[in-house]
Amino acid sequence: MLFSHDTEHALQIIVDLVNTGPPATATEHLPDLAALQEFVDRNQLSDAHDLDAGDLTATRGLRDRLHEVFRAAEDKETAVHRVNAVIAEARTSPHLTDHDEYDWHVHFFAPGSRLAEHLAAEGGIALAYVIAADELDRLRVCEAPDCSRVLVDLSRNRCRRYCDSRTCGNRMHVAAYRARQRESATS
């Protein structure tokens, strides 16, 4: 494991959040509070309840700012600036907790934080760990030409290129195979 379980979990939540937005998918996947609640449930976010329209608006805004971090992954200074801005605007209050049958771990968001603050604190710190470990190149945009979804490559050999091996990865491998078949047929 490259990063702690909590950091990897926060990174996956960020990826899921960024991939709900039109810049990544051309469709809004957080159109309403019900979709936001599904996101919270799917990612098992603790202390995220009583969601309202303000949470939806703030979370969408944060999502767009986090997407900018992935787009700046080749420019470390810009990525650092963007991550620091996300963390600076979040109410952080690091504290140990052991909830929901999880052993002791650190939460970075202040108790009682709204969802976007929670995501900014946890996600911002996770991204800061990635940058501090000089692993910024693990933050990527899918290499499929028609996909803008993001991913975090946590593989040992840094070989992950597609947001999902079953969709984009498989489609690109089939296209490459067909191209090789056409080329060998014309040779």
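Quick look at the structure, then.

Topic: the environment of Val40
You can see Val40 is positioned in helix α3 (residues 33-42). Remark: the alpha-carbon pair of Val40 and Arg140, spanning 100 residues in sequence, is separated by 23 Å. Every residue in contact with Val40, bar those within four places of it in the chain, is listed here: Leu45, Ala48, Leu51 and Leu115.

Comments concerning unusual backbone geometry
In this model, Gln44 sits at a positive phi of 50°, which is unusual for a non-glycine residue. If you trace the backbone, Gln44 turns up in the loop between α3 and α4 (53-71). Classification of Gln44 as exposed rests on a relative accessible area of 53%. The phi dihedral of Arg158 is positive, around 55°, even though this residue is not glycine. Structurally, Arg158 can be placed in the loop between β4 (150-152) and α7 (165-186).

Definitions and limits used
- Residue numbers restart at each chain and count upward from 1, following the sequence in its written direction.
- Owing to the predicted nature of the model, reporting of local features is limited to residues with pLDDT of at least 70; listing and counting of side-chain atom pairs is limited to 80 or more, with chain, interface and lining totals taken over all residues.
- Side-chain numbers here rest on the full set of heavy atoms in the structure, without hydrogens or water.
- Only DSSP runs of H or I covering at least 4 residues are called helices, and only runs of E covering at least 2 are called strands; the numbering of each starts at the N terminus.
- By the convention used here, residues are in contact when the closest approach between their heavy atoms is within 4.5 Å.
- Exposure classes here rest on a 1.4 Å probe applied to the protein chains alone. A residue is buried below 20% of its type maximum, exposed above 50%, and partly exposed in between.

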